[in-house]
Amino acid sequence: MEIPSELIEQLKTAKSVIFFSGAGISAESGIPTFRGKDGIWNKLRPEELANFDAFMRNPQLVWEWYNYRKSIVHQSKPNAGHLAIVEMEKYFVNVIVITQNVDNLHRRAGSKTIYELHGNIERNFCIKCKKRYDGELDFKDGIPKCKCGGLIRPDVVWFGEFLPADQFQLSEKAARNCDMFFIVGTSAIVYPAASLVHVAKSNGAFLVEVNIEETEASSLADVSLFGESGKVLPQIIELLKLIKS
Ligand code: OAD
Ligand code: ZN
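Residues numbered from 1 in each chain as written. Chains lettered and ligands numbered in written order. Predicted model: local features only at pLDDT ≥ 70, side-chain atom pairs only at ≥ 80, totals over all residues. Heavy atoms only, no water.

**Quick look at empty space enclosed by the protein**
In the structure shown here, the tally under the stated rule is 1 cavity of 30 Å³ or more. Taken as a whole, the largest cavity holds about 40 Å³ of empty space. Considering the residues around the largest cavity, the lining is formed by T99, N101, D103, N104, L105, H106, R107, I114 and E116. Sorting the residues of the lining of the largest cavity by element identifies α8 (105–109) and β3 (114–116) as the ones contributing at least two each. Considering each element in turn, the lining of the largest cavity owes the most residues, 3 residues, to α8. Of the residues contributing to the lining of the largest cavity, the split by class is 2 nonpolar, 4 polar and 3 charged. (1 Å grid on protein atoms, 1.4 Å probe; cavity = no way out; pocket = protein on both sides within 12 Å on 5 of 7 lines; lining within 4 Å. Points joined across faces, edges and corners; volume = space filled by probe spheres on them. Helix = DSSP H or I, 4+ residues; strand = E, 2+ residues; numbered from the N terminus. Nonpolar A, V, L, I, M, F, W, Y, C, P; charged D, E, K, R; others polar.)

So, in structure tokens, the structure goes:
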């Protein structure tokens, strides 16, 4: 892939760089995306699985779905895209990952600073007393319960719920202060997460999109690199090796 010269110039001088990621970055790890050809939301209805009312109506069904997704995550591992983002830390003063993914793969890859806008499938909490439960849960009664009697739910953001305030505030602050903002593998249509693209743009960041196709963010991007993130991001590392040596 031809890397535009304006991108090369930015890579030379940028100090603070953000990678804003979505489901597409994990596609090459074997984790299905939500939209598009094989997207999860083509086959299943989010309102039956990914919202609080659905959980109260049928917690067992919602847990089956999350345990299924967790099993996919556990069979997969970070791919070349996640690993390239870790390697970026060698070339820039400040690298921040802001992810909409709950799959924990940026963490497993080893990225240092990660803001999780939609939670993390490896964490859980009690809906009554809010106690956190990480790791294995007890499913012998069908649904895991807290010591206080409350139901335990996955610590992920469902439709109609607020984003974790601290993670969103940190992300907004970072987006206001970065030099480059990469938009990787996201359809960029789910708000408020997608508003970060606008925050970065209006504060003068150079926007680079990495995606296999055009998205809502394409018209805002200064440069669009069309291809799989597991191929495009390692290519940028190769370039950085040359220009920073
Ligand atoms: P989507 O499924 O909406 O979009 C995935 C994007 O990844 C699409 O734009 C694809 O073109 C792109 N893509 C697929 N494979 C790729 C690859 N190998 N390399 C690069 N790009 C690739 O996923 P998100 O944008 O993450 O919300 O969706 C946002 C939110 O909607 C999710 O966090 C989730 C969902 O409902 C919650 O769970 C709250
Ligand atoms: Zn409790």
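**Describing the domain arrangement of the chain**
The accessible area lost on association of the parts is a frequent measure of interface size. In terms of domains, the chain is made up of domain 1 (1–30 + 77–118 + 163–245) and domain 2 (32–75 + 122–156). Computed from C-alpha atoms alone, the centre-to-centre distance between domain 1 and domain 2 is 27 Å. On the side of domain 2, 12 residues touch domain 1, which itself brings 14 residues to the contact. Across the interface of domain 1 and domain 2, roughly 910 Å² is buried in total on both sides, 57% from carbon and sulfur atoms. For the domain 1 face of the interface with domain 2, the top three residues by lost area are A23, G30 and V102, together amounting to 34%. On inspection of domain 1 and its partner domain 2, the count reaches 1 salt bridge. Its salt-bridge partner being E116, residue R123 comes within 3.0 Å of it at the nearest N-O pair. Its residues placed into classes, the side of domain 1 that touches domain 2 shows 5 nonpolar, 5 polar and 4 charged. (Domains from an automatic or database assignment. Contact = heavy atoms within 4.5 Å. Buried area = accessible area lost by both parts, 1.4 Å probe. Salt bridge = Lys/Arg side-chain N within 4 Å of Asp/Glu carboxyl O.)

**What to know about the sheet that holds strand β6 (residues 152–156)**
Strand order in the open sheet formed by 3 strands is β5-β4-β6, with antiparallel pairing between adjacent strands. Each having just a single partner strand, β5 (132–134) and β6 make up the two edges of the open sheet. Strand-to-strand twist across the sheet, computed as the mean angle between neighbouring axes with direction ignored, equals 40 degrees. Across 3 bridges, strand β4 (residues 119–126) lies against β5 in antiparallel orientation. (Pairing = 2+ DSSP bridges. Axes fitted to C-alpha atoms, helices over the stretch in contact; angles between N-to-C directions.)

**Overview of the packing of helix α7 (residues 80–87) against helix α11 (residues 229–243)**
For the pair α7 and α11, the least separation of the axes is 7 Å and the interaxial angle reads 30 degrees. It follows that α7 is roughly parallel to α11 by the angle criterion. Between α7 and α11 lies a crossing of left-handed hand. Residues A80, G81, A84, I85 and E87 of α7 touch α11, and the partners they reach there are S229, G230, L233, P234, I237 and K241. In the contact of α7 with α11, the residues fall into 6 nonpolar, 3 polar and 2 charged. (Parallel < 35°, antiparallel > 145°, perpendicular 65-115°, else oblique. Left-handed = near helix turned anticlockwise from the far one by under 90°.)

**Digging into the sheet that holds strand β9 (residues 223–226)**
Pairing in this open sheet of 6 strands is parallel, and the strands run β3-β2-β1-β7-β8-β9 from one edge to the other. Looking at which strands have only one partner, the edges of the open sheet turn out to be β3 and β9. In this sheet, neighbouring strand axes are inclined to one another by 15 degrees on average, regardless of whether the strands run parallel or antiparallel. Across 5 bridges, the pairing between strand β1 (residues 16–21) and strand β7 (residues 180–184) is parallel. Paired with F19 across the bridge in β7 is F182.

**Focus on the pattern of salt bridges**
Evaluation of the coordinates by the stated rule reveals 14 salt bridges. Measuring nitrogen to oxygen at the nearest pair gives 3.3 Å for the salt bridge that ties R107 to E116. A relative accessible area of 41% means that R107 is categorised as partly exposed. Take E116: its relative accessible area is 6%, and that puts it in the buried class. The salt bridge involving K140 is made with D138; its shortest N-O contact spans 2.9 Å. A residue is classified by how much of its surface remains accessible, and K140, at 67% relative accessible area, is exposed. We classify D138 as partly exposed; its relative accessible area is 46%. Connected through shared salt-bridge partners, R107, E116, R123 and D155 make up one network. (Buried < 20%, exposed > 50% of the residue type's maximum accessible area, 1.4 Å probe, protein only.)

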